Structures are given as C-alpha cells and as structure tokens.
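# Fold and geometry: a report
So the chains spell out like this:
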Amino acid sequence: MPAEERPESLVTVLIAFGANLLVAIAKTVASLVSGSASMVAEAAHSWADTGNEVFLLVAERRGGKKRDTAHPLGYGRETYIWSMFAAFGLFTAGAIVSIYHGISEFGETGPAEDVVLNYVVLGLAFVLEGTSFLQAYRQAHGAATKRKVPVLRHVLQSSNPTLRAVFAEDAAALIGLVVAFLGVFLHQVTGLAVFDALGSIAIGVLLGVVAIVLIDRNRRFLLGESTSPELENAVLVELLGRSQVERVTYLHLEFVGPSRVYLVAAVDLTGNETEEHVAVRLRDVEQSLEDSQYIEEAILTLSYPGDESLVPTDGAVPEVVRDGTASDVAAGGAGTLRTE
C-alpha cells in the first residue's frame, strides 16, 4: 500500500477498534442484566468486530513490508490473508452465535426487562459505531471521488481490504442496532419474546451475508485479481507518455497487494538501436515504472512487428508522463480498453 494511504487506513482501523471495544463491553453488561436475545446477538457482533480489528491491524503491519529476495512481489497479499481471518471471525463469532442464540430463545416467554438500559446502550453504540463509520466513509469517499465512481462501488472493488472490512462491518453494525432496537421495542410492547429472538436471528443473517461478501472478495485477490479496464487504460496512457515508448501491444496488470500491481507489457521502443542498447532502455523504463507508488514490479518485453497497438479509450496520449495519472485509480474501477 502506498505510504500516504497506510496512515489513513491505520487510523480507520484504530478508531473502529476503540469504538467496538467500548460498545462490546456496554452491550455485554446490558445483555447480562436484561437477558435480551437481540442484545446478546449485538454483544457477540461487537466482540467479533473487536477481534477482527486486531486481525486488520496485523494485516496493515505485515502487508506494508517492502519486498525482498524471498518475496520479490512484496508482502501485500498477506493483507488479504489476515483480512480473510477477520471475515471468518465475523461469520463464526458473530453470525453463528447470533442465529443460534435467537433460535434457542424462541420458546422464552414473559415481559421484557430492563429495557431502559438496553435503549441507553443501543443509543451509545449508535453514536460510537456512527463515528467509526464516518471515518471509513470519509476515506472511501475521498478515493471514490478521485476515481469518479460511487462510494459503494469503490468499497466493493477496492484492493484495500481493511477499508472494505471496516466500512462493511460498521454499516452492518448500524443496521444491526436498528434491528436490535425493534426486537427489544416489540418485545416490550407486545410481551412476546419471539420478536427479540427474531431480532437476534436477523442480526446473525446480516452478519453472515457481510462475512461471505468479505470472504469472497479476499479470496479473489488472493487468487490474483486482475485490475480494471480503467486502471489498464491509465497505465497505458502513462506508458505511451514516455518518450522512449512508441507503442504498446500487450498489457497485463495484477494486484499483489492494496494499490500495488504487477505489470507485464510488450512495447515497441522509439528508434532502431542495437539489442544491447534496447535492453538498457527497456530496463530504464522498468525502473522508472517501479519508482511509482503503485507498481511493485514491471517486466517489459519487445513487441512483435505485426502485433496490434493498444490505444487509450479517449485516444489522448500525453507528451510527457503526468504524475499520479494511474495512482488515482490504482484501487480498481471500470472503463474500456480497445485495440486498433
């Protein structure tokens, strides 16, 4: 992950950790006093989120290590591994516990107890979870604005798993608080504990869906998620903007970590020099690409004379390389890449 993105992601995770820890303690006390199934589910949810933030902190730390001889493409994919652990934790400690407890409470009868405490805790939790969500939303909105895409689309497609995890967990937490409130309220009004139990099950299902989405996204990046046509187009523009490159006939980009890609391209260099000079110039272009904040490694080879050239979608090729052209969309996106 580029250096300027890492502090913001770390702040997002730390805020989420602090908020979830405080909320988990408050919900646990309320659930023990009131015996509410929805509050038990919410307590399990918050403890799961708190544990998940620990995994995400580890992901931030280990995934930010620089590449070495043992890991020539860096340690970025380790971020997805630890984020996968967090998603599994949300599924087991959050979803399964909530659903199980809700089912076990179906036969319970009697009026709701200590509802005032439940309402106070739910209100406090909404404020803390909302604060954490606003931080995640602010980070996501900033990146989405650069890419000119909706925030939700950016979160789902982003190569940054910690941002996606915190955003999804906090959004699910806010929805879960509303569901828990309805469960407690309907139990209080009707005297039927079944509404409380249904609230617990609904929270569990919500967490299960979120966890499955997070697991699937991390799985895709671990397998080697290709980048979007939008990013391919931006990198193509950047390649063609170099004075040494006349045309590009092949381009492959693959995420190897948050906002970090592995690049392979076939290019035709300007001029008609000897093989020795061409090799030096190719290496110069590779090194200049690797100096950027988003390319972990660049491998260039020569184009075959008969191969078709790749052309940016807007047909505009800059005379000089513009800093940040591709880095603004290095998290993924949408667009088209054509040949002619």
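Residues numbered from 1 in each chain as written. Predicted model: local features only at pLDDT ≥ 70, side-chain atom pairs only at ≥ 80, totals over all residues. Heavy atoms only, no water.

### Considering unusual backbone geometry
- Backbone geometry at Ser-259 places phi at a positive 55°, although glycine is not the residue there.
- Secondary-structure assignment places Ser-259 in the loop between β1 (245-257) and β2 (260-269). (Helix = DSSP H or I, 4+ residues; strand = E, 2+ residues; numbered from the N terminus.)

### Quick word on the pattern of salt bridges
- Evaluation of the coordinates by the stated rule reveals nine salt bridges.
- A salt bridge links Glu-42 to Lys-27, with the shortest nitrogen-to-oxygen separation between them at 2.5 Å. Taken together, the positions of Glu-42 in helix α2 (residues 37-63) and Lys-27 in helix α1 (residues 5-34) put the pair 15 residues apart, joining distant regions of the chain.
- We classify Glu-42 as buried; its relative accessible area is 0%.
- A salt bridge links Glu-254 to Arg-77; the nearest nitrogen and oxygen atoms lie 2.7 Å apart. A residue pair is termed long-range when its members are at least 10 positions apart, and Glu-254 in strand β1 and Arg-77 in the loop between α2 and α3 (78-104) qualify at 177 residues.
- Arg-77 sits in the partly exposed class, given a relative accessible area of 24%. (Salt bridge = Lys/Arg side-chain N within 4 Å of Asp/Glu carboxyl O. Buried < 20%, exposed > 50% of the residue type's maximum accessible area, 1.4 Å probe, protein only.)

### Regarding the confidence of the model for the protein
- Of the residues in the protein, 87% have a pLDDT of 70 or more, and the chain-wide mean is 82.
- The model gives residues 317-329 a pLDDT under 50, and that stretch makes 29 contacts with residues more than four places away or in other chains.
- Counted against residues more than four places away or in other chains, residues 331-340, with its pLDDT under 50, gives 41 contacts. (pLDDT = per-residue confidence, 0-100. Contact = heavy atoms within 4.5 Å.)

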